[in-house]
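Coordinate inspection notes
So the chains spell out like this:
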Amino acid sequence: MNITNTAIPEVKIIDPDVPGNSQRLFPEAFDLEAFRTALANPIGFAQEIRTHTEHHQLIGLHYQIEPHTRGCLVYVENGQIFQVAVDLRKSSPGFSRWVATVLAGDNGYRFRIPEGFACGMLTLSDFVDIVALTTKPYDENSMRCIRRDDPSIAIDWHGVTSPRVSPHNEQGVEPGEADVFS
């Protein structure tokens, strides 16, 4: 397993580095214990969320506030997305900065977004099947959304200027008005 820091070191790109072994019917795709050891963090997952979206669908930027703050590990089974994490920790030197990567079914990468970050994604392929493992379950009353097009954050959504966005996601607030983390 190869773990790479992004420009915001708490956000990680994980390459499971699955060895090709034609003798195994079920090759290992992810090892939670190796992941925990590599991060020096006893992380666990409470919920698995799966979604299927179509070309240029943008979801996010979502997060949950206390006491239901959660981190996640995102990967793609089929298709390709542009996955974004925005630092919402007011005490962080990275506050309101974002990092992103392309996740695809054929690269196997995972994107680790810790607590204190908002996350969003844009579908780059005709369709995509996404899996997110979260450290706490979904809690509707704790869910928040910041604007995907906020000029102070200035996310370049992989060059896509007119994504398809649900009405729920269009209701995001500006970071200055958002509930953020200390």
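Notes on the structure in this doc start here. (Residues numbered from 1 in each chain as written. Predicted model: local features only at pLDDT ≥ 70, side-chain atom pairs only at ≥ 80, totals over all residues. Heavy atoms only, no water.)

1. Details of the pairing of strand 2 (residues 12–15)
Spelled out, the test is: Pairing between two strands requires that DSSP report at least two bridges joining them. Numbering of helices and strands runs from the N terminus; a helix is a DSSP stretch of H or I covering at least four residues, while a strand is a stretch of E covering at least two.
Strand direction decides the pairing type here: strand 1 (residues 2–5) and strand 2, joined by 4 bridges, are antiparallel. Considered in strand 2, the bridge of Asn-2 is made with Asp-15. What sits between the antiparallel neighbours strand 1 and strand 2 is a turn of 6 residues. Two strands pair when backbone bridges link them, and strand 2 and strand 8 (residues 110–113) are joined in this way by 3 bridges, in the antiparallel orientation. Paired with Lys-12 across the strands is Arg-112, a residue of strand 8.

2. Some remarks on the packing of aromatic side chains
Cut-off, in case you're wondering: Here the aromatic set is Phe, Tyr and Trp, taking the six-membered ring for Trp, and pairing holds for ring centres within 6.5 Å; pairs whose planes are under 30 degrees apart are stacked, those over 60 apart are edge-to-face, and all others are tilted. Accessible area is worked out with a 1.4 Å probe on protein chains only. A residue is then buried under 20% of its type maximum, exposed over 50%, and partly exposed in between.
Scanning all chains against the criterion turns up 2 aromatic pairs. Consider the rings of Tyr-63 and Phe-181, whose centres lie 5.8 Å apart with planes at 65 degrees: the pair is edge-to-face. One end of the pair, Tyr-63, is in strand 4 (residues 57–64); the other, Phe-181, is in the segment after strand 12 (164–165), with 118 residues separating them in the sequence. The pair formed by Tyr-63 and Phe-181 is uniform in burial state, with each residue classed as buried. On the numbers, 6.4 Å between centres and 75 degrees between planes, the contact of Phe-82 with Trp-157 is edge-to-face. Pair noted here: Phe-82 is in strand 6 (residues 80–87) and Trp-157 is in the loop between strand 11 (143–145) and strand 12, with a separation of 75 residues, a long-range link. In terms of burial, Phe-82 and Trp-157 fall into one category: buried.

3. A look at the side chain of Ser-125
Under the convention used in this document: Between N or O atoms, a polar contact is any pair within 3.5 Å; within protein, one atom must be a potential hydrogen donor and the other a potential acceptor, and residues adjacent in sequence are included only when both atoms are from side chains. Pairs of residues are marked as contacts when any of their non-hydrogen atoms sit within 4.5 Å.
Residue placement: Ser-125 occurs in the loop between strand 9 (117–123) and strand 10 (127–134). In terms of polar contacts, Ser-125 uses its side chain to reach the backbone carbonyl oxygen of Phe-127, at 2.5 Å. Every residue in contact with Ser-125, bar those within four places of it in the chain, is listed here: Glu-54, His-55, Gly-79 and Gln-80.

4. Section: the side chain of Thr-134
With respect to the element layout, Thr-134 can be found in strand 10. With relative accessibility at 3%, the residue Thr-134 sits in the buried group. In this view, Thr-134 contacts Phe-45, Ala-46, Gln-47, Ile-49, Arg-70, Gly-71 and Cys-72; residues no more than four positions away in its chain are not counted.

5. Some points on the nonpolar core
Put simply, the test is: As used in this record, nonpolar core signifies buried Ala, Val, Leu, Ile, Met, Phe, Trp, Tyr and Cys residues forming a set joined through side-chain atoms within 4.5 Å.
Counting residues in hydrophobic clusters, the biggest one holds 19 residues, and the most contacted among them are Leu-61, Tyr-63, Val-86, Ile-146 and Trp-157. Within the residue set of this core, elements represented by two or more residues are strand 4, strand 6 and strand 9. Sequence-distant contacts of Leu-61, that is, excluding residues within four places in its chain, are made with Val-84, Val-86, Ala-118, Cys-119, Gly-120, Arg-144, Cys-145, Ile-146, Arg-147, Arg-148, Ile-155 and Trp-157. Ile-8, Ile-13, Phe-111 and Ile-130 belong to the second largest nonpolar core, which has 17 residues in total.

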